[in-house]
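# A structural walkthrough
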Amino acid sequence: MKTLKELARPNIWNLAPYSSARNEYSGHAAHVFLDANENPYNAPLNRYPDPLQTEIKEILAKVKGVGAEQIFLGNGSDEAIDLVYRCFTRPGRDNVVAIEPTYGMYKVCADINDVEYRPVLLDENFGMSADKMLAACDRNTKVIWICSPNNPTGNSIDRKEMMKVIDGFDGLVVVDEAYSDFSSASPMRLRLASHPNMIVLNTFSKAWGCAAIRLGMAFAHADIIGLFNKVKYPYNINLLTQQQALETLKDPYEVDKWVKMLLLERGRMIEAFKLLPICKHVYPTDANFFLARMTDAQVIYDYLVNNGIIVRNRTRVQLCNNCLRITVGSKSENNELLAALRQYR
Ligand SMILES: *Cc1c(COP(=O)(O)O)cnc(C)c1O
């Protein structure tokens, strides 16, 4: 692996970060705060929130089995994705490699940051070849993006191939595990100690049921987290989000219950889809959604919209011709979808 200094943008490596009022005093017990030009009234919303979200990270460290210093919290995973580009890729010079098809934000952020994006097509079963991924890299490749379970395909990427990429690449590998709560595979974040070039993404938006609060997690070596903290907006996680995250973390069993119900529903939906004459194939999934190849995805999508039911039409995505991506909903939502599809003529 290259050193972090070799991988980081030179201006970011040398950056002296903004020092906020709440950063500067630290550790001392205090009760009079006249340092941040806040209004003394309207507690608790009058105070700037903890810029490093210490309380959440201490709890998350236990829940996720990583060190608190290995955690970055962002305004959704999307903030962490953007920070990877802003910390490690030089606009107009560096490039990144990613599996294709996958989550669209990796490419959008590459385009915004003027970084070349090199998609490497998965095989017809959505499997990844480590050799193909590594062959797409050159000396300006800083980051490889792997999403597992992958969106929109739903399948997990083969662990051996994934490890071959991580061990064979001299830059950073981001493993996006937004859906790992729905998979029985052991989470990649637990392998951080032996793979310091890995960044693992998790989110509160899916299994944790908190898409509205915008809270994403990145797990990585403390030095990488340090670079993210230098570049992020000082108070990137607002107080209401921090409070709700603490509330959610009090009851992780609730999340387990949701996951179990969704997995049962997923099995039921897949069996029902297989019996629909308009469904040609359902792909294997380890996520809270599945990809189904239909007779005519566009016409069926339009029909569902007219019935007030929205699924994701992926027919124009590479390898996903005539595919709809179906999120597993509540039992009654799922039943409405099935009833509509059974009436489709
Ligand atoms: C939904 C999703 C996320 C979550 O993004 P947030 O910004 O945290 O809501 C991240 N990665 C993938 C692949 C996703 O599908």
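Now for a look at the structure at hand. (Residues numbered from 1 in each chain as written. Predicted model: local features only at pLDDT ≥ 70, side-chain atom pairs only at ≥ 80, totals over all residues. Heavy atoms only, no water.)

### So, the overall build of the protein chain
Note the threshold: Numbering of helices and strands runs from the N terminus; a helix is a DSSP stretch of H or I covering at least four residues, while a strand is a stretch of E covering at least two. Between the two quantities, the radius of gyration covers C-alpha atoms and the globule rule is 2.2 Å times the number of residues to the power 0.38. Here the term buried applies to any residue with accessible area under 20% of the maximum for its type, exposed to any over 50%, and partly exposed to those in between, with areas from a 1.4 Å probe on protein chains only. By definition in these notes, contact holds between two residues if any of their heavy atoms fall within 4.5 Å. The accessible surface values rely on the Shrake-Rupley method and a 1.4 Å probe; as for residues, cover is taken only from the protein chains in view.
Scanning the protein chain from N- to C-terminus turns up 13 helices and 11 strands. Rg of the C-alpha trace for the protein chain: 22 Å, near the compact-globule value of 20 Å for 345 residues, within the 12% margin. Along the three orthogonal principal directions, the C-alpha set of the protein chain runs to about 70 × 50 × 30 Å. In the protein chain, which comprises 345 residues, the share counted as buried stands at 51%. Pairs at least 24 apart in sequence give 69% of the contacts found in the protein chain among residues at least 6 apart. With the model as given, the accessible surface of the protein chain reaches about 16700 Å², and the carbon-plus-sulfur share is 52%.

### Some remarks on the packing of aromatic side chains
Let me state the cut-off plainly: Planes of paired rings set the category: under 30 degrees apart is stacked, over 60 is edge-to-face and the rest tilted, where pairs are Phe, Tyr or Trp rings (Trp by its six-membered ring) whose centres lie within 6.5 Å. We call a charge positioned above a ring when the Lys NZ or Arg CZ atom is no farther than 6 Å from the ring centre and deviates by at most 35 degrees from the ring normal.
Applying the stated criterion across every chain, the model contains 11 aromatic pairs. For the ring pair Phe72 and Phe228, a centre distance of 5.5 Å and an interplane angle of 70 degrees mean the geometry is edge-to-face. Of this pair, Phe72 sits in strand S1 (residues 71-74) while Phe228 sits in helix H9 (residues 222-231), placing them 156 residues apart in sequence. Pair check on accessibility: Phe72 and Phe228 agree, each one buried. By the ring-pair criterion, three or more aromatic residues cluster together here, those being Tyr85, Tyr103, Tyr106 and Trp145. A cation over an aromatic ring shows up here: Arg325 above the ring of Phe289, its NZ or CZ 5.5 Å from the ring centre.

### Quick word on the environment of Glu161
Tracing the backbone through its elements, the reader meets Glu161 in helix H8 (residues 159-168). The sequence separation of Glu161 and Arg9 amounts to 152 residues, and the corresponding C-alpha distance is 29 Å. Every residue in contact with Glu161, bar those within four places of it in the chain, is listed here: Met128, Ser129 and Ala130.

### Points about the environment of Ala130
For Ala130, the position within the fold is in helix H7 (residues 130-135). Accessibility expressed as a relative area gives 0% for Ala130, which makes it buried. Considered as a pair, Ala130 and Asp158 are 28 residues apart in the sequence and their alpha carbons are 9.7 Å apart. Excluding anything up to four places from it in sequence, Ala130 contacts Glu161, Lys164 and Val165.

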